[in-house]
Amino acid sequence: VQLVESGGGLVQPGGSLRLSCAASGFTFSSYVMRWYRQAPGKERELVARISSAGGSTIYGDSVKGRFTISRDNAKNTVYLQMDSLKPEDTAVYYCNTNNPFKNYWGQGTQVTVSS
């Protein structure tokens, strides 16, 4: 299993970014996918979750109405569209999936929201 995030960077408050996570090594369309984030000195928190077919999504309270998770099962990729970004969204963002035996993580991509 390999998860590779991309799309992070530096953005001003109120701006937007789209993160991508390219997956390989498993049957992507059969698995729930998640985005987590971890800010310095804080615990890793769930940002968003999407069902295997993409019909069901869940968001953390702090990002509801601003972030959108989606997936393209033909491209084995999950996305996180982040709008109206705030300085408190600054964190390393991780892609995640799991099977009954193991959790899988990408290497993370840094998102910094600052003027």
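About the thresholds
- Residues numbered from 1 in each chain as written.
- Predicted model: local features only at pLDDT ≥ 70, side-chain atom pairs only at ≥ 80, totals over all residues.
- Heavy atoms only, no water.
- Core = buried A, V, L, I, M, F, W, Y, C linked by side-chain atoms within 4.5 Å.
- Buried < 20%, exposed > 50% of the residue type's maximum accessible area, 1.4 Å probe, protein only.
- Helix = DSSP H or I, 4+ residues; strand = E, 2+ residues; numbered from the N terminus.
- Pairing = 2+ DSSP bridges.
- Salt bridge = Lys/Arg side-chain N within 4 Å of Asp/Glu carboxyl O.

**Q** I keep staring at the nonpolar core and nothing clicks. Help me out?
**A** Across soluble globular proteins, nonpolar side chains have a tendency to be buried as a group. Core analysis: the biggest nonpolar cluster contains 27 residues, and Trp35, Val78, Leu80, Met82 and Tyr93 have the highest contact counts within it. Residue assignment for this core shows that the elements contributing at least two residues are β3 (17-24), β4 (33-38), β5 (45-50), β7 (67-72), β8 (77-82), β9 (91-98) and β11 (109-113). The greatest single-element share of this core, amounting to 4 residues, is contributed by β3.

**Q** Could you clarify how one ought to interpret the pairing of β3 in this entry?
**A** The side chains of a regular strand alternate between both faces of the sheet. Bridge count between strand β1 (residues 2-6) and β3: 5 bridges; the pairing is antiparallel. Across the sheet, residue serine 6 finds its bridge partner in β3, namely serine 20. Both β3 and β8 contribute to a ladder of 6 bridges, which runs antiparallel. Looking at β8, one finds that cysteine 21 is bridged to valine 78.

**Q** I would appreciate a short explanation of the pattern of salt bridges in the present structure.
**A** Once the charged atoms of two side chains with opposite charge are near each other, the side chains can pair. Per the stated rule, a full pass over the model turns up 4 salt bridges. Across the pair aspartate 61 and lysine 64 runs a salt bridge, and its minimum N-O distance is 3.1 Å. Residue classification places aspartate 61 among the exposed positions, given a relative accessible area of 66%. In the salt-bridge network here, residues are joined through shared partners; they are Arg37, Glu45, Arg66 and Asp89.

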